[in-house]
Amino acid sequence: MKTKKNILLLAILILIAAVLQPLQIQAASDSGIPSAYSGKKVYDVTKCGADKKGKKDSTKAFEKAITKAVNKGSDAIVFIPEGSYLLKSQITLNGNVTIVANQKATIKSMASVMGFWMIGSNITIEGGTWTGTKKFDQNLFKAQRSVNNINMKNMKICDAGIGACFSPATATLSKVTVSNCVNRGVLLMNGAKVTLKSCTVKENGKGYYSANKSGDCGHGIGVQNSKAIIQKGYIGGNTQCGISLVAGTLEMKDATVKKNGRNGIGTYKKCKITINGGAIKNNGYDMKETTQGYQGISATAGTSVTVTDCSVSSNRCTGIYLADKGTTVKCKNVSFVKNEIAQIALGNGTNLTLENCTLKHSSVGVSKSGKARITLKKTNKENGKKIKKL
């Protein structure tokens, strides 16, 4: 009899748990907290004094919630409910913290240099719209001191000088939109390694033509002595290059680089680029600076480029431009269409290999100057005619 009662009690407990669990998930969803964080201890910034109408400075309230969550450990999150929040001072993130914002939350940082300074590892920021001051030197997010495991996802970053700077850091951005930053959208420096998954980096760099213009700015993504891994996504409408590399490494798969003012991808110093899939098109139509080159891909200074299963089309000057001794480009299964001046242009001492590529609808297929080397494999036509011996 006692055994039957125990079995009945256990059945009731299981039933209660089955009912409560979806209710907990639903409650988390209703508040704007993703169900992945169900069961976590929540430190709501408004409970710590944050003004969700955005009229009062909420810096101290955010800091208080962050401190509580860090002290609690990995079972806690900082939560930012729907509303508008004003932060007048920089917030330092020392690591081991998760910040989750309702997708209808807007967080505006007025800090002059850095909005959120990430100097510790294991930081996750998810959700919301994060805005800056549109001042050229402001970094809305900056990770330094070789921090690791920075995760930013499902969020919007806009209206800063630089949206997110990693100098250096190991970070992953997933489904992040970075837009309307006057200096650059995303910047990698000093050995950073950053992966961007299904991200949109658009319409950044308008400060390039302002009185505050300085150095290598105006780009969607800047990669300086660092490595960028781009998986899917869109990089477009940026004032200068979509992606600018200085002694950097780029691995890109199934991404679109489109309608950037200067080059789709531009290099300075020796770089390494690998592109698999995607499209590079309609770049180079900024008419303000007529002395610059405008290419789909500009490879210089001994850079190595490998392009596979990609479309390179409708760029203002050339699809791919090779300059400087030792620069090497290998293309396999690449379609070159309607690049305005030439599909590919080679400078002295450069090397080009085309394998199973198509070249059509351009006034010039492949052009070269000096002692450039061209290897053709299963690629013998341009504009429907046999490629002339170059």
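Residues numbered from 1 in each chain as written. Predicted model: local features only at pLDDT ≥ 70, side-chain atom pairs only at ≥ 80, totals over all residues. Heavy atoms only, no water.

With that settled, the discussion passes to the overall build of the chain. Of the regular secondary structure elements, the chain holds two helices and 37 strands. Per-residue burial for the chain yields a buried fraction of 51% across its 390 residues. Across the chain, contacts joining residues at least 24 apart in sequence account for 51% of those joining residues at least 6 apart. For the chain, the exposed area adds up to about 18000 Å²; of that, 50% sits on carbon and sulfur atoms. (Helix = DSSP H or I, 4+ residues; strand = E, 2+ residues; numbered from the N terminus. Buried < 20%, exposed > 50% of the residue type's maximum accessible area, 1.4 Å probe, protein only. Contact = heavy atoms within 4.5 Å. Areas by Shrake-Rupley, 256 points an atom, 1.4 Å probe, with all protein chains shown as cover.)

Detail in the predicted coordinates should be disregarded across regions flagged by low pLDDT. Per-residue confidence for the chain gives a mean pLDDT of 90, with 88% of residues at or over 70. Low pLDDT (under 50) marks residues 19-29, which in the prediction has four contacts with non-local residues, meaning those over four places away or in another chain. (pLDDT = per-residue confidence, 0-100.)

On strand S7 (residues 105-109), burial follows the alternation: Ala105, Ile107 and Ser109 on one face are buried, whereas Thr106 and Lys108 on the facing-out side are not. Alignment of strand S4 (residues 83-87) against S7, held across five bridges, turns out to be parallel. Each bridged residue has a counterpart across the sheet, and for Tyr85 the counterpart in S7 is Ile107. Summarising the sheet, S7 and strand S10 (residues 129-131) pair through three bridges and their orientation is parallel. Following the sheet pairing, Lys108 is matched in S10 by Thr131. (Pairing = 2+ DSSP bridges.)

Moving on, we get to the pairing of strand S17 (residues 227-231). Looking along a regular strand, one sees side chains alternate from face to face of the sheet. Pairing analysis gives five bridges linking strand S14 (residues 193-197) to S17, with the strands arranged parallel. Across the sheet, residue Lys197 finds its bridge partner in S17, namely Gln231. Here five bridges tie S17 to strand S20 (residues 249-253), and the two strands are oriented parallel to one another. Counterpart to Gln231 in the pairing with S20 is Lys253.

One finds Trp130, Phe141, Phe166 and Ile243 to be the most contacted residues of the largest nonpolar core, which totals 86 residues. No other element matches the eight residues that strand S11 (residues 139-158) contributes to this core. Ignoring sequence-local partners within four residues, the contact set of Trp130 consists of Ile80, Ile99, Ala101, Ile107, Phe116, Ile125, Leu140, Phe141, Met155, Lys156, Ile157 and Cys158. Ile33, Tyr37, Phe79 and Val100 belong to the second largest nonpolar core, which has five residues in total. (Core = buried A, V, L, I, M, F, W, Y, C linked by side-chain atoms within 4.5 Å.)

With that settled, consider the environment of Gly73. One can find Gly73 in the loop between helix H2 (59-72) and strand S3 (76-80). Taking the relative accessible area as the measure of exposure, Gly73 reaches 25% and is therefore partly exposed. Between the alpha carbons of Gly73 and Thr98 there is a distance of 9.8 Å; along the sequence they are 25 residues apart.

Relative to the helices and strands, Cys317 resides in the loop between strand S27 (311-313) and strand S28 (318-322). Residue classification places Cys317 among the buried residues on the basis of a relative accessible area of 16%. Between the alpha carbons of Cys317 and Gly293 there is a distance of 7.4 Å; along the sequence they are 24 residues apart. With near-sequence residues (within four places) excluded, Cys317 lies in contact with Tyr294, Gln295, Asn339, Glu340, Ile341 and Ala342.

In this structure, the amide linkage connecting Ser167 to the following residue, Pro168, adopts the cis form with an omega of -15°. Tracing the backbone shows Pro168 in strand S12 (residues 162-179). One non-glycine residue, Lys259, lies in the positive phi region at around 55°. Along the polypeptide, Lys259 turns up in the loop between strand S21 (256-258) and strand S22 (265-268).

Turning next to a positive patch on the surface. Where like charges cluster on the molecular surface, the positive patch consists of Lys41, Lys64, Lys68 and Lys72. Relative to the assigned elements, Lys64 resides in helix H2. (Patch = residues over 30% accessible without salt bridge, like charges linked within 9 Å, V, L, I, M, F, W, Y side chains within 5 Å. Salt bridge = Lys/Arg side-chain N within 4 Å of Asp/Glu carboxyl O. Lys, Arg positive; Asp, Glu negative; His and termini not counted. Charge placed at Lys NZ, Arg CZ, Asp CG, Glu CD.)

Further remarks concern the packing of aromatic side chains. Per the stated rule, a full pass over the model turns up five aromatic pairs. A ring pair is formed by Phe62 and Tyr85, whose centres lie 5.8 Å apart and whose planes are at 65°; its orientation type is edge-to-face. In this pair, Phe62 is assigned in helix H2 and Tyr85 in strand S4, connecting sequence segments 23 residues apart. There is no split in this pair, since Phe62 and Tyr85 are both buried. Relative to Phe141, the ring of Trp130 has its centre 5.6 Å away and its plane inclined at 65°; by these criteria the two rings are edge-to-face. Here the residue Trp130 occupies a position in strand S10, and Phe141 occupies one in strand S11, the gap between them amounting to 11 residues. Of the two residues, Trp130 and Phe141, both sit in the buried class. An aromatic cluster of at least three residues, connected via ring pairs, comprises Phe116, Trp130 and Phe141. The ring of Tyr43 is capped by Lys41, whose NZ or CZ atom sits 5.6 Å from the centre of that ring. The ring centre of Tyr294 lies 4.3 Å from the NZ or CZ of Arg316, which sits over that ring. (Phe/Tyr/Trp six-rings, centres within 6.5 Å; stacked < 30°, edge-to-face > 60°. Lys NZ or Arg CZ within 6 Å of the ring centre and 35° of its normal.)

For Thr124, the location among the structural elements is in strand S9 (residues 123-126). Ignoring any residue separated from it by four or fewer positions in sequence, one finds Thr124 in contact with Tyr37, Val97, Thr98, Ile99, Asn151 and Lys153.

As a further point, take the side chain of Asn183. Along the chain, Asn183 falls in the loop between S12 and strand S13 (184-189). A relative accessible area of 5% places Asn183 in the buried class. Other than its neighbours up to four places away in sequence, Asn183 contacts Phe136, Gly161, Ile162, Gly205, Cys217, Gly218 and His219.

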